[in-house]
Amino acid sequence: MEAGGRSVNRCDNWVTMASTRHAISSATRRNVFDYMSMTPVAWAGRLAEPDFIVRVWPTAKSMPSYDPRFKDAIADTYQHRINNYDWEDDWIFTDARFDLMNCDDKTFLAFLAEVVHPVVRPDPEKAEDILAEFNRQLRPDGFVLSPTSQVSGRSVYEGSRLSATHDPHTALNLSARNELEDHRALQDHLAAIARDIANDPAGAITSAKDLVESMYKLILDKRGIAYQPKDDLGTLYKKVATELALDKKSVPSTVKGSEAAQKTLGALNTVVTGLAELRNQIGRGHGRTEASPALERHARLAFNAAVALTEFLYDTLQDRAFASSGAEAT
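Residues numbered from 1 in each chain as written. Predicted model: local features only at pLDDT ≥ 70, side-chain atom pairs only at ≥ 80, totals over all residues. Heavy atoms only, no water.

A.B. asks: Hey, could you run me through the packing of helix α1 (residues 26-38) against helix α5 (residues 124-138) in this one?
C.D. replies: The relative placement of two packed helices comes down to the angle between their axes together with the axis-to-axis distance. Viewed as axis vectors pointing N to C, α1 and α5 meet at an angle of 160 degrees, and their least axial separation amounts to 9 Å. Of the possible angle classes, the one that applies to α1 and α5 is roughly antiparallel. Considering only the axes of α1 and α5, their crossing is right-handed. In this structure, α1 contributes Thr 28, Asn 31, Val 32, Tyr 35 and Met 36 to the contact, and α5 contributes Asp 129, Ile 130, Glu 133, Phe 134, Gln 137 and Leu 138. Across the contact of α1 with α5, the residue classes break down as 6 nonpolar, 3 polar and 2 charged. (Axes fitted to C-alpha atoms, helices over the stretch in contact; angles between N-to-C directions. Helix = DSSP H or I, 4+ residues; strand = E, 2+ residues; numbered from the N terminus. Parallel < 35°, antiparallel > 145°, perpendicular 65-115°, else oblique. Left-handed = near helix turned anticlockwise from the far one by under 90°. Contact = heavy atoms within 4.5 Å. Nonpolar A, V, L, I, M, F, W, Y, C, P; charged D, E, K, R; others polar.)

This is the structure:
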């Protein structure tokens, strides 16, 4: 039931707004709350709800009580959630004092970050499951909960905007490309990255490397170039670079900007080597004997690098096909 019977549409002037941004949609917020209600997820975890509330809203003791017997929202909450237990478990989602459906993005993200905080959520596996769902819901609106520090070896998260990054669900814009007949392998790797990038960074790093490897093989298959099953990433890249004329020598020294172009093409091999080394050192595979130190930022670095390289290769493949058909390539 709604606490105190107050309207959830009202935005009272005692709600502190950290910013005026409201980019996280009401649909996303409702989906998050539905997930927490139906799973269910006890939003305060092992804390008493009044203790959780002051972690997100330090000024909660200046918010009014719905019960005239008590002077503030904290005393009110203590009475109805601990003493009487006569408010529903998800009461806070519709309480106008905290206004989670309409508050600024910063406050909403701070609430979610506290839900998965090590102090609040003692079970790391459960915390990871909740975090993965939160991030799945937040990403379409351009936000993510990312680790910023650690407590007793566990990550503490903070909300932020996604900027200058790809979304695995839309990366490569495969629906608009047709040079390769079958995109299922690429789609599988992108889906794995989307699933793991927050919850299993080591797995996402491995999938990023696999995305590039699949792209190499698809290009070589398309062009009828043989390769061996055991060819590593570097060997495959050399074959693709030769077939698509990506080596430095392919840029004539007389072409304007040739020096910059040669440097850029030379850097491709560095990206390839870096992805392989990142996967070997902190990704999945090779019978690791200890937990991977990979964090989400490492996984996103690997993903963005893999997408940038894969996208360039696909564009080059299409340009080469266009040129060979007799049309003038740009």
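A.B. asks: Just checking my understanding: could you explain unusual backbone geometry for this structure?
C.D. replies: A cis amide bond, omega -15 degrees, links Thr 39 with the succeeding residue Pro 40. We note that Leu 172 has phi near 75 degrees; this positive angle belongs to a residue other than glycine. When you line up the elements, Leu 172 lands in the loop between β2 (154-161) and α6 (184-196). Using a relative accessible area of 3% as the deciding quantity, one classes Leu 172 as buried. (Buried < 20%, exposed > 50% of the residue type's maximum accessible area, 1.4 Å probe, protein only.)

A.B. asks: Would you mind going over the pairing of strand β1 (residues 143-151) with me for this structure?
C.D. replies: It is a general feature of regular strands that their side chains alternate between the two faces of the sheet. With 8 bridges connecting them, β1 and β2 associate as antiparallel partners. The residue bridging Val 144 from the neighbouring strand is Ser 160, located in β2. (Pairing = 2+ DSSP bridges.)

A.B. asks: Looking at this structure, how should I read the environment of Asp 167?
C.D. replies: Its place among the elements puts Asp 167 in the loop between β2 and α6. Since its relative accessible area comes to 23%, Asp 167 is described here as partly exposed. When the C-alpha positions of Asp 167 and Val 307 are compared, they lie 9.9 Å apart, and in sequence the two are 140 residues distant.

A.B. asks: I tried to follow the nonpolar core on my own but got confused; where do I start?
C.D. replies: Generally speaking, a soluble globular protein has its nonpolar side chains buried in company with each other. Formed by 38 residues in total, the largest nonpolar core has its most connected members in Met 36, Trp 43, Trp 57, Ile 92, Phe 111 and Phe 134. The leading source of residues in this core is helix α4 (residues 105-115), at 6 residues. Ignoring sequence-local partners within four residues, the contact set of Ile 92 consists of Trp 43, Ile 53, Trp 57, Phe 98, Leu 100 and Phe 111. Counting residues in each nonpolar core, the second largest holds 37 residues, with Ile 197, Leu 220, Leu 244 and Ala 306 among its members. (Core = buried A, V, L, I, M, F, W, Y, C linked by side-chain atoms within 4.5 Å.)

A.B. asks: Could you clarify how one ought to interpret the packing of aromatic side chains in this entry?
C.D. replies: Under the criterion given, the structure shown has 13 aromatic pairs. Taken together, a centroid distance of 5.3 Å and an interplanar angle of 75 degrees make the contact between Trp 43 and Phe 52 edge-to-face. By relative accessible area, Phe 52 is classed as buried at 0%. A centroid spacing of 6.4 Å and a plane angle of 90 degrees characterise the contact between Phe 93 and Phe 111, whose relative ring orientation is edge-to-face. A residue pair is termed long-range when its members are at least 10 positions apart, and Phe 93 in the loop between α3 (73-83) and α4 and Phe 111 in helix α4 qualify at 18 residues. For the residue pair Phe 93 and Phe 111, the accessibility class agrees, reading buried in each case. Grouping aromatic residues by their ring pairs yields a cluster made of Phe 33, Trp 43, Phe 52, Trp 57, Trp 87, Trp 91, Phe 93, Phe 98, Phe 108 and Phe 111. (Phe/Tyr/Trp six-rings, centres within 6.5 Å; stacked < 30°, edge-to-face > 60°.)

A.B. asks: Honestly, the side chain of Asn 135 in this entry has me stumped. Any pointers?
C.D. replies: As for its placement among the helices and strands, Asn 135 is situated in helix α5. The class of Asn 135 is buried, set by a relative accessible area of 0%. Apart from the residues within four sequence positions on either side, Asn 135 is in contact with Val 144, Leu 145, Ala 198 and Glu 296.

A.B. asks: I'm lost on a negative patch on the surface in this one. Help?
C.D. replies: On the surface, a cluster of negative charge is contributed by Asp 123, Glu 125, Glu 128 and Asp 129. Positionally, Asp 123 belongs in the loop between α4 and α5. (Patch = residues over 30% accessible without salt bridge, like charges linked within 9 Å, V, L, I, M, F, W, Y side chains within 5 Å. Areas by Shrake-Rupley, 256 points an atom, 1.4 Å probe, with all protein chains shown as cover. Salt bridge = Lys/Arg side-chain N within 4 Å of Asp/Glu carboxyl O. Lys, Arg positive; Asp, Glu negative; His and termini not counted. Charge placed at Lys NZ, Arg CZ, Asp CG, Glu CD.)

A.B. asks: How do you make sense of the pattern of salt bridges when you look at a structure like this?
C.D. replies: Two side chains carrying opposite charge are able to pair once their charged atoms lie near each other. This structure, assessed with the given rule, holds 21 salt bridges. A salt bridge links Glu 49 to Arg 81; the shortest N-O distance between them is 2.7 Å. Highlighted residues: Glu 49 in helix α2 (residues 49-56) and Arg 81 in helix α3, separated in sequence by 32 residues. Of the two residues, Glu 49 and Arg 81, both sit in the buried class. Here Arg 300 and Glu 296 are joined by a salt bridge, their closest N and O atoms 3.9 Å apart. Separated by 4 residues within a single helix, Arg 300 and Glu 296 lie in helix α10 (residues 296-324), roughly one turn from each other.

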